[in-house]
Each structure stands twice: as structure tokens, then as C-alpha cells.
Amino acid sequence: MTVEYPSPSWKDYELLDSGRGEKMERFGRYVLIRPEPKALWDPSLPASEWKRQASVRFSPGAGFGKAGKEDSGTWDRISRMEDQWYISYKGARDPDSGAASDLDIDLRLGLTAFKHVGVFPEQAPNWEYIFRETSRLVRINSSNGLPAPKVLNLFAYTGAASIAAKAAGADVTHLDSVRQVVSWARENMERSGLDGIRWVVEDAMKFAKREVKRGNTYQGIILDPPAYGHGPDGERWKLDELLFDMLVSVGKILAPRDAFLVLNLYSNGYSSILGETLVREALGGAFKTIECGELALNDRFGKVLPLSVFVRIKR
């Protein structure tokens, strides 16, 4: 198991401090304070310094922490700021070769009705992995006279992972059940100077099972499922009940060779070992390599905040 962090060279994001159930982060020119249940320690900075630096603070609502309302609340402005703003992500160096990455994307951020702002910064190592693996597959396909690799991003949110795959040259399908979020992802693609992503507003489970029946396959599949959710027609998603079945379907539409899968899990109580076991059992061990670990953030004072677990395989 490994622990991966965003590169310190990312100038538009920084975890400034964390503690007492909150984190203070800088996104571009604005500093946000948001709830973080995993920050069980004391902050390193005094409360007065948090207030002095912050632009806005998220206050949980009455339903905060409950299924369907786990992130609901309101934003309390401390200083003047825009409702929407933009940040850039420029790729880090490859940890193995040391080569510079060509990944360069722009993302719109916004104060939503939930504690989210349109990007999960700890996911940067996954973006880099997707970009590297897709680039590798593009070279393999090109050398064999094959078209660009097809990459499917399920539960795709505002599309940073989709854009990483597209920037590497993939034929990308981006699926999310919320139309407004898909529109947000399209804007991110356009601001990043790209085009041609296929946008799908649908229930992820229905889509995957239909692709199995159609016999369609993808050389890259990305899954970042929530703990709870609903499809556009009210389809119910509960991670504990449906994740294994989803992975079984995904295993059937992942190409049998020259392919990769990235699974990311945020749900509390899920470990990387559990994720690895789920993937092994669902896909039947039909892969060349498998790796698992945690994605985390480091604040200025060296406190490590673990936020999600990942499993990555190659066929």
C-alpha cells in the first residue's frame, strides 16, 4: 500500500491547516474553511488566524451527515469573494522517470449548496496516473494501427479525470446522473482547450449493464462512486449494496489487454485492502498488475489528512 499526495508544485491549491473537524484550504486566491470529520487533532494555528485568512466558511445544516444530506449547509462569507472562480492544474513530474508531465487543465470552482466546490484536490495523483496510462495506450494503439483508446469515466462529476484522459488523446465518455454537473464538466473541458468528450446523463449501473449486453469495451475505466446517490430517473445507488455488482459489470467491459482501471472510494470504513479484494473478486484476477493505497493531503505543519483510497489495475 502507498500514500500519494498532490505535487507541492501545484500553485493553485494548498491545505493551510486542519483540526477540530475542519480544514482550511487555499484554492487560487481564496481561502475556504470546510468541515472535515477526519481532522481529529487540534489546529496548528489559532482561531483568530483562521478567521483572518479565510474568505468563506461552510456551516453544516440540520441534515449534515445524513444520507442524501451528508454535505448540506450554507456558506458564511468572511470577506468579499466571487461565487465562481478558476484554478489551473499543471502536471507534476513522473515519479518513476522524472519526466515532466504535459497535463495542463483549467477548472471552474463555485460555492455550491453542499460543502463541495467542484474539485477534489487529493485526486491529483489519479489524474496524473490516468494521463500517463492513457498516453501509454495511445502510443501502443498508434504503433499497431489502432484508433485512440476508449476511456469511460463513471460517476464523473465535474470532469478533471475525463479531461486528463482526453488531454492524453483518448476517446472519452463522461457519465454522471446530474445534468448541471455534466454542463460544469463541459465548461472545464472547453476552458482547458479541448473538445470531443462524449457526455452522458444516466444512471451508471444501467449504462454499464447495457454496455455489457452491447459487447462494448473500453481500454480505460474510471470509477469514483459516492456512498449514496440517485440516477436521473430516481434510480437508487447505495455503495455497500451495489459496488460489487458494478465492478462485475465493469470487468466485462474492460478490454482484456492493454487496459487500466482506477477505482476511488471515499466512504468511511473502506480500506485500500477492502478495495483491492473487491476488485480481485469482481474481475477474477484477470490483470497484470494491481496497486492500492490512500490519497492524502499534507498541511503546512506536516499533519497528514487521509481522504480516499484507490485501487488501480492494468490488463
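Up top you'll find the structure we're talking about.
Residue indices begin from 1 for each chain and proceed along its sequence in written order. With the structure being a predicted model, the display of local features is reserved for residues of pLDDT at least 70 and the display and counting of side-chain atom pairs for 80 or more, all residues being used for whole-chain, interface and lining totals. For the side-chain quantities, the full set of heavy atoms in the structure was used; hydrogens and water were omitted.

Enquirer: Which residues make up the sheet that holds strand β3 (residues 22–27), and what values do they have?
Expert: In a beta sheet, neighbouring strands are held together by backbone hydrogen bonds and run either parallel or antiparallel to one another. A pair of strands is considered paired only if DSSP assigns at least 2 bridges between the two. By the criteria applied, helices consist of DSSP H or I runs no shorter than four residues and strands consist of E runs no shorter than two, each listed in order from the N terminus. Spatial strand order, β2-β3-β4-β5-β6: five strands in an open sheet with mixed pairing. Two strands lie at the open edges of the sheet, namely β2 (13–19) and β6 (73–77), each paired on one side alone. Pairwise comparison of adjacent strand axes, ignoring direction, gives a mean angle of 20 degrees for this sheet. To obtain an axis, a line is fitted to C-alpha atoms, over the contacting stretch when the element is a helix, and the angle between two such axes runs from 0 to 180 degrees between their N-to-C directions.

Enquirer: Outline unusual backbone geometry, listing residues and values.
Expert: Its identity is not glycine, yet Phe-155 carries a phi of approximately 55 degrees, on the positive side. Tracing the sequence through the fold places Phe-155 in the loop between β9 (150–154) and α3 (160–167). In this structure, Tyr-157 is a non-glycine residue whose phi angle is positive, near 55 degrees. With respect to the helices and strands, Tyr-157 occurs in the loop between β9 and α3. Judged by its relative accessible area of 22%, Tyr-157 is partly exposed. Three exposure classes are used, based on accessible area relative to the maximum for each residue type with a 1.4 Å probe and protein chains only: buried under 20%, partly exposed in between, and exposed over 50%.

Enquirer: Explain the sheet that holds β9 to me, and be specific about the residues and the numbers.
Expert: Reading across the sheet, the eight strands line up as β1-β16-β17-β15-β12-β9-β10-β11 and stay open at both edges, with mixed pairing between neighbours. Pairing within the sheet leaves two strands with one partner each, and these edge strands are β1 (2–4) and β11 (198–201). The average angle at which neighbouring strand axes cross in this sheet is 20 degrees, direction not considered. Across four bridges, the pairing between strand β10 (residues 171–176) and β11 is parallel. Looking across to β11, one finds that His-174 is bridged to Trp-199. By definition, residues are in contact when any of their heavy atoms lie within 4.5 Å. Contacts from helix α4 (residues 179–191) reach β10 and β11, with the element oriented near 165 degrees to β11.

Enquirer: I'd like to hear about the pairing of strand β8 (residues 104–110), residue by residue, with values.
Expert: β8 sits mainly inside the fold: six of its seven residues count as buried. When strand β7 (residues 84–90) meets β8, the two strands line up antiparallel, connected through seven bridges. Along β8, the bridge assignment pairs Ile-87 with Leu-107.

Enquirer: Could you give an account of α4, with specific residues and numbers?
Expert: Each residue after the first adds 1.5 Å to the expected span of a helix. If you check α4, its first and last C-alpha atoms are 19 Å apart, about what 13 residues at 1.5 Å a residue would give, namely 18 Å. Looking at α4, one finds that the buried residues are Val-181, Val-182, Trp-184, Ala-185, Asn-188 and Met-189. Buried positions in α4, seen along its axis, are confined to an arc of 155 degrees and lie on one side of it. Turned more than 90 degrees from where α4 packs its buried face, Arg-179 and Gln-180 sit exposed. Of the residues flanking the end of α4, it is Gly-193, one or two places downstream, whose phi is positive at about 75 degrees. Throughout, the arc means that of the directions going from the helix axis to the C-beta atoms.

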